[in-house]
Amino acid sequence: MGSSMGGLISLYGLCIYPEFFSKAACLSTHYPRPNLKKAYITSDPFISYFTNYIPSSNSGYKLYFDYETKTLDSLYHPYQARMDKELKLKNYSKKNEWITNRYEGYAHSEIYWRKRLSDPLLFLFGK
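Residues numbered from 1 in each chain as written. Predicted model: local features only at pLDDT ≥ 70, side-chain atom pairs only at ≥ 80, totals over all residues. Heavy atoms only, no water.

Visitor: Honestly, the side chain of Glu86 in this entry has me stumped. Any pointers?
Guide: One can find Glu86 in helix α3 (residues 77-89). Among the residues examined, Glu86 registers a relative accessible area of 18% and is labelled buried. (Helix = DSSP H or I, 4+ residues; strand = E, 2+ residues; numbered from the N terminus. Buried < 20%, exposed > 50% of the residue type's maximum accessible area, 1.4 Å probe, protein only.)

Visitor: Got a minute to help me understand unusual backbone geometry in this structure?
Guide: If you check the backbone angles, Thr71 has positive phi at about 50 degrees while not being a glycine. Counting through the fold element by element, Thr71 comes out in the loop between β3 (62-68) and α3. Within the chain, Lys95 stands out as a residue other than glycine whose phi angle is a positive 85 degrees. Along the polypeptide, Lys95 turns up in the loop between α3 and β4 (98-103). Under the relative-accessibility criterion, Lys95 is labelled exposed at 54%.

Visitor: Before we go on, may I ask you to explain the packing of aromatic side chains in this structure?
Guide: For any two aromatic rings, the description comes down to two numbers: the centre-to-centre distance and the angle of the planes. Throughout the structure, instances matching the rule amount to seven aromatic pairs. Their ring planes at 55 degrees and their centres at 6.3 Å tell us that Tyr17 and Phe20 sit as a pair that is tilted. Using a relative accessible area of 63% as the deciding quantity, one classes Phe20 as exposed. Relative to Tyr106, the ring of Tyr103 has its centre 5.4 Å away and its plane inclined at 25 degrees; by these criteria the two rings are stacked. (Phe/Tyr/Trp six-rings, centres within 6.5 Å; stacked < 30°, edge-to-face > 60°.)

Pasting the structure below:
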């Protein structure tokens with residue numbers, strides 16, 4: 001489990017080492033976004049990479065994603081929507097194998113990640 005870039009490394013661990021990791025929680029996943037000065041940097045290569053390496057659905061893997069609506073996270077929705085679309089195409093079952101939560105009014109900050117820490121833990125491990 002990780003937040004921001006830590007969310008990316010958590011997802012990377014599951015993709016590259018599925019024999020060791022069966023779950024990943026990605027809070028406020030920081031998908032790189034287009035930069036006005038360097039337009040060649042986009043989220044597409046990252047999302048394509050992960051969706052190529054995410055283990056197949058129905059194999060016991062669980063993925064948790066979330067994002068907020070304030071500060072840096074206010075830019076994340078289109079990228080998370082793309083990741084969600086890719087997971088659907090890979091036949092991941094929403095609510096059983098993967099979930100994406102949106103937190104209205106929350107910001108890209110440890111304060112808010114701490115407030116909702118129970119959500120990914122309950123999704124991944126149950127009660």
